[in-house]
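Commentary on secondary and tertiary structure
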Amino acid sequence: MTVKNEAVVSTVKRHKEPLFRLIKRTDIPIWKKWVIRIATFAVAAITAGLLFTFIIGDGAAFGTFFKELWSGSFGTERLTYIFLNNWAIMMCISLAVTPAFKMRFWNIGAEGQTLAAALGAAFVIHYFGKSLIEPVVILLMLVAALFMGMLWALLPAIFKAVWGTNETLFTLMMNYVAIQLVNFFVNLWSPGGSGTIGNLGNGSFHGLFGLPYIQNAVFVAIVTIIVFVYLKFFKHGYELEVVGESVNTAKYIGINVKKVIIRTMILSGAVCGFAGFLLVGGSPTPTINTGLVGGRGFTAILVSWLSKFSPIAMIFVAALVVFLQKGASQASDSFHLGASSAFSNIIIGIFFLMIIACEFFIDYQIKFRKKEGK
Amino acid sequence: MFLTFLKNAIRFSTIFLFGSTGETITEKSGHLNLGTPGIMCMGALGGCVGESLYLKSIGGDYAAIDGFSAVVIGILFAMLFAGLGGLIYGFLTITLRCNQNVSGLAITTFGAGVTNFFINYVDRNGFNYLAAKFTAPVSQANDWFSTIFLSHGALVYLAIVLALVVAFIMKKTRTGLNLTAIGENPATADAAGINVTGYKYVSCVLGSGISGIGGLFYIMDYLYGSWEYSIDAMGWLAVALVIFSVWKPNWGILGSILFGALYILPYYTNFSFAIQEIIKMIPYAVTIIVLIITSIINRRESQPPAALGLSYFREER
C-alpha cells in the first residue's frame, strides 16, 4: 500500500501552496487603519530626511531637515499667511474633484478648469476693470469664473454621459487647451508683446472684508461645509455615490445616470471656478499666467484620493501636502541646493508613493503559507 | 523652406513616437500610465548619467567618442532609469492594486522632481560632442529625398522601426494577442492560462523603458545635450497620441509627424505670438475630437482596452 502511494507522488508534480496569498479585507478596525497610515507617514518622513542627509553629505543635516521643514510654513508670520492661503486654494480644488471621484468619474482636468476660471476672471478685469465700479467688476469676475469652470467640466461630462467618451483622457486634454488659451490671451494683452502680464490693476477684493490675509481661508471653509453637507445629507450626494458603486444598480433603482453625471460635473467645475476666482481676485495684485494653478489641479487629485473623499480628512491632508511643499523648498533653498521646486516635488512624490502603497495593507491581508508539520 | 519644415517635423515627432509606442504597450495590458511625463524625464536623466559615465570611461577624450557605443549606452541607461519608474508604477498598480490614475500622477511628480533636481549634479561637460554623434545624419546630400528621409540621427529611425515592430507583434503574434486579451478582460485571459501578472509587469516596464528613450532623444538630439524642462507637455502629448492613433503604433508614426508639424508650425509662420499659441492648441483639440468621434462611431477596433484603468484581483468577481 505505501509503495503504491509513493509511486503516485513521484509521477504527479507536487504543487506547493504559494508562499503567501492575499485576502481582501472587509472589516478592519479604524484604529488599525490609522496605525498603518501614521506608520507609513513616519517611514516616508524618515526616507525624505535620509535623502536630504545623503545629498548634503553630513549626518547633522537629518535634524536640520525637519527644522527647515517646519520653518518653511511657520518660520515667520508672513510664511504662515502664505501657508494658509496655499492651504485654502489646495483645499478648494481638492473639494472640487471629490464629488466627481465619488462617482468614479476620473476628472483629472481640475488644473484646466481652475485655470480657465482664472482666465474668465482676468478677462472681466481686462475689459471692464476700468469702466465699471469695483463691486460690479468683482461680481462679474465671480460669474465669469464660475461659468468658465463649469464649461470646462461640462464638455467632458456631456460626452461621457451621452456617448461614454473616456473622461480621463478628455479632461487631461482640456488642461492643455486651457493653458494654450491663457497663453493666447496673455500674449494678446501683454504690453509690447512681452508675453507676460503684471498686475492687472483692478479687481482685487483682497482686504475688502477686513480680513486681508485669512479671507481666502474663510471662503474655502464655507465651501468645505457646503460640499460636506451636499455629499452627506442631500439626495444628490447619495445618488452620485450609487452611480460610483454601480451604474446598473443606479439604473435599476431609477436614478437618471446621465443627469447625475452632468449635474455632478457642473458642481465640480463650479468649485474649481471658485478656486480660480480666489486665485485672481483674492490676490492683492491680480494677474494671470499659466503657472497660476501651478500643478495644484493634479496634486488635488492625490489629496482627494488620499483622504478617501472625506472633506473632513481633506482638511488635514491638504494642510500636510502644502506643509511638505513649502518645507521642502525651504530646506532646499537654505542649503543652496538649487531647483527648490524640484526638490519639493521629490519629497511630495516620496510621500504620495508610500501612502498610496500603504492603502494596500489596509485593503488586503497577506496570509503566509503555514509551515507543513514534519 | 517646406523641406526643412518637414524634416524638422519628422525629427521632432520622435519624442512623441517613443512616448506613445511605450504607452501603447502599457495601455494594451490595461494600465493607463499617467506617469509617462515623469518616466520620460527619468529616461532623460538616465541617458545623461550613462553618457557621463561613458565620457569618464574614455578619459574625457572627446575625439575618441565612438558614435555607436555612445548611442547604445544612452539607450540602455535611459531604458534602465525609465524602466525603474515603470517598475515602481507596476508594483503599485499590479501587485498592490492601487488606483492607476493616482499612482501615475504621483510618478509624474516624483520623476519630474528627481530629474530636474539631480540633472544639475550630472557632469554634462562634452555633451555637445556626444550630441553631434546622436544627430549625425545618414546622408549629407542636398536633394529632397535625402533632406526629408536621410538627414536624421539614429534615434529617429529607431523610433519608426520600433513602432512598426511593436505594431506587428501586437497584431500578428501570440504574445501580442495575449496582451490584448489581458487588456480587454484579465479574468478571461487568466482562465485561458495566460500569465496575467507576468505580462502586465513586462508591458509596464518595457513600455516605460521605450517611453524613456523619448526623453533621451529630447536631451541628446533635440536640445543638443543641454537641459530645459518642457518635457511634461510633450509627455502628455505622447499620451494623447496613443488615443489619436487608436492604440496602433504604426498609425502613431503618421500621427506623431502630424503632432510634430503642429508643434513647430508656429516657428515657420509670420503669425503674431498670440495666434501661435492657438496653433499649439491644435494637437490637444484634435485629440479630443478623435476621442469623441471614436466613442460616437463605437467601432470595436478603435475603442480603448475594456479593462483600462481597472485593477485585477483574481479572487474578485
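Residues numbered from 1 in each chain as written. Chains lettered and ligands numbered in written order. Predicted model: local features only at pLDDT ≥ 70, side-chain atom pairs only at ≥ 80, totals over all residues.

**Concerning the overall build of chain B**
The helix and strand inventory of chain B stands at 13 helices and zero strands. Secondary structure elements of chain B occur, N-terminal to C-terminal, as α-α-α-α-α-α-α-α-α-α-α-α-α. Taking 317 residues into account, the globule formula puts the C-alpha radius of gyration at 20 Å, and chain B, at 20 Å, falls close to it. With respect to the three principal axes, the spread of C-alpha positions in chain B is 60 × 45 × 35 Å. Put simply, 82% of the contacts in chain B that link residues at least 6 apart link residues at least 24 apart. (Helix = DSSP H or I, 4+ residues; strand = E, 2+ residues; numbered from the N terminus. Rg over C-alpha atoms; globule rule 2.2 N^0.38 Å. Contact = placed C-beta atoms within 7 Å.)

**Side note on the domain arrangement of chain A**
Residue and element names in this part refer to chain A. Domain boundaries in chain A define domain 1 (23-52 + 335-369) and domain 2 (78-325). The straight-line distance from the C-alpha centre of domain 1 to that of domain 2 is 27 Å. Contact with domain 1, which involves six residues of that partner, is made by five residues of domain 2. Partitioned by chemical class, the residues of the side of domain 1 that touches domain 2 number five nonpolar, one polar and no charged. (Domains from an automatic or database assignment. Nonpolar A, V, L, I, M, F, W, Y, C, P; charged D, E, K, R; others polar.)

**Structural notes on the interface of chain B and chain A**
Contact with chain B, which involves 44 residues of that partner, is made by 42 residues of chain A. At the level of secondary structure, the elements contributing two or more residues to the side of chain B that touches chain A comprise α3 (67-95), α4 (100-118), α11 (231-244) and α13 (273-297) of chain B. Among the elements that line the side of chain B that touches chain A, the one with the most residues is α13 of chain B, at 14 residues.

**Quick look at the nonpolar core**
One finds Cys92, Ala121, Met141, Ala145 and Val271 of chain A to be the most contacted residues of the largest nonpolar core, which totals 198 residues. The element that contributes the greatest number of residues to this core is helix α6 (residues 134-163) of chain A, accounting for 15 residues. When residues are assigned to domains, this core turns out to be shared by domain 1 (23-52 + 335-369) and domain 2 (78-325) of chain A, each giving three or more. Apart from residues no more than four positions distant in its own chain, Cys92 of chain A is found in contact with Val220, Val223, Val271, Phe274, Ala275 and Leu278 of chain A. Within the second largest apolar cluster, seven residues are counted, among which are Ala181, Ile182, Ala189 and Val196 of chain B. (Core = buried A, V, L, I, M, F, W, Y, C linked by C-beta atoms within 7 Å. Buried ≥ 20, exposed ≤ 12 C-beta atoms within 10 Å, placed from the backbone.)

**A word on the packing of helix α4 (residues 77-102) of chain A against helix α8 (residues 215-233) of chain A**
All names here are of chain A. Viewed as axis vectors pointing N to C, α4 and α8 meet at an angle of 20 degrees, and their least axial separation amounts to 9 Å. Between α4 and α8, the interaxial angle falls into the category roughly parallel. In terms of crossing hand, the pair formed by α4 and α8 is left-handed. On α8, the residues touching Leu84, Asn85, Trp87, Ala88, Ile89, Met91, Cys92, Leu95, Thr98, Pro99 and Lys102 of α4 are Asn216, Ala217, Val220, Val223, Thr224, Val227 and Leu231. (Axes fitted to C-alpha atoms, helices over the stretch in contact; angles between N-to-C directions. Parallel < 35°, antiparallel > 145°, perpendicular 65-115°, else oblique. Left-handed = near helix turned anticlockwise from the far one by under 90°.)

**Re the packing of helix α1 (residues 2-28) of chain B against α11 of chain B**
All names here are of chain B. Axis separation between α1 and α11 bottoms out at 8 Å; the angle between their running directions is 55 degrees. With respect to their mutual orientation, α1 and α11 come out oblique. Here α1 and α11 pass one another in a crossing that is right-handed. Contacts between α1 and α11 pair Ile15, Phe16, Gly19, Ser20, Glu23, Thr24 and Glu27 from the former with Met234, Gly235, Leu237, Ala238, Val239, Leu241 and Val242 from the latter. Within the contact of α1 with α11, the residues separate by chemical class into eight nonpolar, four polar and two charged.

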